[in-house]
Amino acid sequence: MSKKDINKENEVYFLGSKEGGDNSPKEKNRKWLVLGICLAVLAIIILLVFLLRKPTEEYYFEPVKEKVIKTVIVKTDSISQSDTIRSYIEVLEETVNDVPMFVYVPHHAEMSLAVGVQDKTDSTIVFITQAADIRGDNQDIVGDFVLAGKRLSRGVAKEGFCAVINGEITIGVADKTPLLQESIEEGGYFFRQYPLVDKGELIENNPKNKSIRRALAIRSGKVVMIESRSAESFHDFAQALIDIGVSEAIYLVGTNNAYGWYYDQQRNKTEYGTDPSEELENTTFIVWRSK
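Cut-off values and rules
- Residues numbered from 1 in each chain as written.
- Predicted model: local features only at pLDDT ≥ 70, side-chain atom pairs only at ≥ 80, totals over all residues.
- Heavy atoms only, no water.
- Helix = DSSP H or I, 4+ residues; strand = E, 2+ residues; numbered from the N terminus.
- Buried < 20%, exposed > 50% of the residue type's maximum accessible area, 1.4 Å probe, protein only.
- Contact = heavy atoms within 4.5 Å.
- Areas by Shrake-Rupley, 256 points an atom, 1.4 Å probe, with all protein chains shown as cover.
- Phe/Tyr/Trp six-rings, centres within 6.5 Å; stacked < 30°, edge-to-face > 60°.
- pLDDT = per-residue confidence, 0-100.
- Pairing = 2+ DSSP bridges.
- Axes fitted to C-alpha atoms, helices over the stretch in contact; angles between N-to-C directions.

A look at the overall build of the protein chain
Item 1. Within the protein chain, the regular secondary structure consists of four helices and 18 strands.
Item 2. The buried share of the protein chain, taken over its 291 residues, is 44%.
Item 3. A sequence separation of at least 24 residues applies to 71% of the contacts in the protein chain between residues at least 6 apart.
Item 4. Carbon and sulfur atoms form 52% of the exposed surface of the protein chain, whose accessible area is close to 16,100 Å².

Structure below.
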């Protein structure tokens, strides 16, 4: 073999180069086919990842920042109504740090939960206000919800909770609590919402927008509902609750549209918000009734 032949055997050729390359239409078509197959496979993988991922829940209101704290139990006012004692709601006006608020104090009434549009002619109802949030996509109740022992929904998107079992109201924060199962077994009530205050300390939440805020709270050993009279952030509202002596609080449905009504001591009825459509059958309410 000649030296010239040896040199030829050691030559290296690069694809696409002028020497040894194949620029024929057939070769170009093959390259485009391979590229098309790769892009198709990549598109299928992206589609599968999108379809198999865990769906993100849509809410009318914002998700909560995770936190786990202890619970507090308070005995409700269970004085029976008589000819001289009437169930009613006392309304106090308070302002702290430029945050004006209404404080609703139930007297001689007991608390429960309800689902769906309520009967305005029911004379036993002295106070009603919206409780849990509902999803924006399918209008299901957000989080664990128990109605008279029947579990209607599941989930811990919001770790604040309220349980009503045998006349006792528990306000607390936990992703797991035995009170959920107890409320089912005892024919009680249970729902979840944002946590706001624990043992007099503020709990931060992610939402930063401002709105009319409402809370179910414990103040001086009594269960009350508190409403801001101006649009407030979660932080400022929670701080205002602490400043007026609230030890525990969870959020309730806020905004100007949230519906409710109450009777004062003179049996004057006050309605607020927008009456929810009957189509929103999963709208939930806290209901205080005379005994």
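There is more to say, and it comes next.
Topic: the packing of aromatic side chains
Item 1. A complete count under the given rule lists nine aromatic pairs for this structure.
Item 2. A centroid spacing of 5.3 Å and a plane angle of 65 degrees characterise the contact between Y104 and Y262, whose relative ring orientation is edge-to-face. Of this pair, Y104 sits in strand β3 (residues 99-107) while Y262 sits in strand β16 (residues 260-263); the two residues are 158 residues apart in sequence, bridging distant segments of the chain.
Item 3. On the basis of relative accessibility, which here comes to 3%, the residue Y104 falls in the buried class.
Item 4. Here the aromatic rings of Y194 and Y251 are separated by 5.6 Å at their centres, their planes lie at 40 degrees, and the arrangement is tilted. Residue Y194 is located in the loop between β10 (189-193) and β11 (195-198), and its partner Y251 is located in strand β15 (residues 246-252); the two are separated by 57 residues in the primary sequence. Y251 shares its class with Y194; the two are buried.
Item 5. Site record: aromatic cluster; members linked through ring pairs are F102, Y104, F127 and Y262.

Examining the environment of V146
Item 1. Its place among the elements puts V146 in strand β6 (residues 145-147).
Item 2. Along the backbone, V146 and S183 are 37 residues apart, and their C-alpha atoms lie at a distance of 7.1 Å.
Item 3. With near-sequence residues (within four places) excluded, V146 lies in contact with L113, R151, L180, S183, I184, G188, Y189 and F190.

Looking at the confidence of the model for the protein chain
Item 1. On average, residues of the protein chain score 81 in pLDDT, and 77% of them reach the 70 mark or higher.
Item 2. Every residue in residues 78-84 is under pLDDT 50, and counting partners more than four places away or in other chains gives 10 contacts.

Here's the deal with the sheet that holds strand β13 (residues 214-219)
Item 1. If you walk across this open sheet you meet the seven strands as β2-β3-β14-β13-β15-β11-β12, and the pairing is antiparallel. Each having just a single partner strand, β2 (88-96) and β12 (201-202) make up the two edges of the open sheet.
Item 2. Here β3 pairs with strand β14 (residues 222-228) via four bridges, running antiparallel. Note that in β14 the partner of Y104 across the bridge is M225.
Item 3. Contacts from helix α4 (residues 234-243) reach β2, β3, β11, β12, β13, β14 and β15 within the one sheet, and its direction differs from that of β11 by about 30 degrees.

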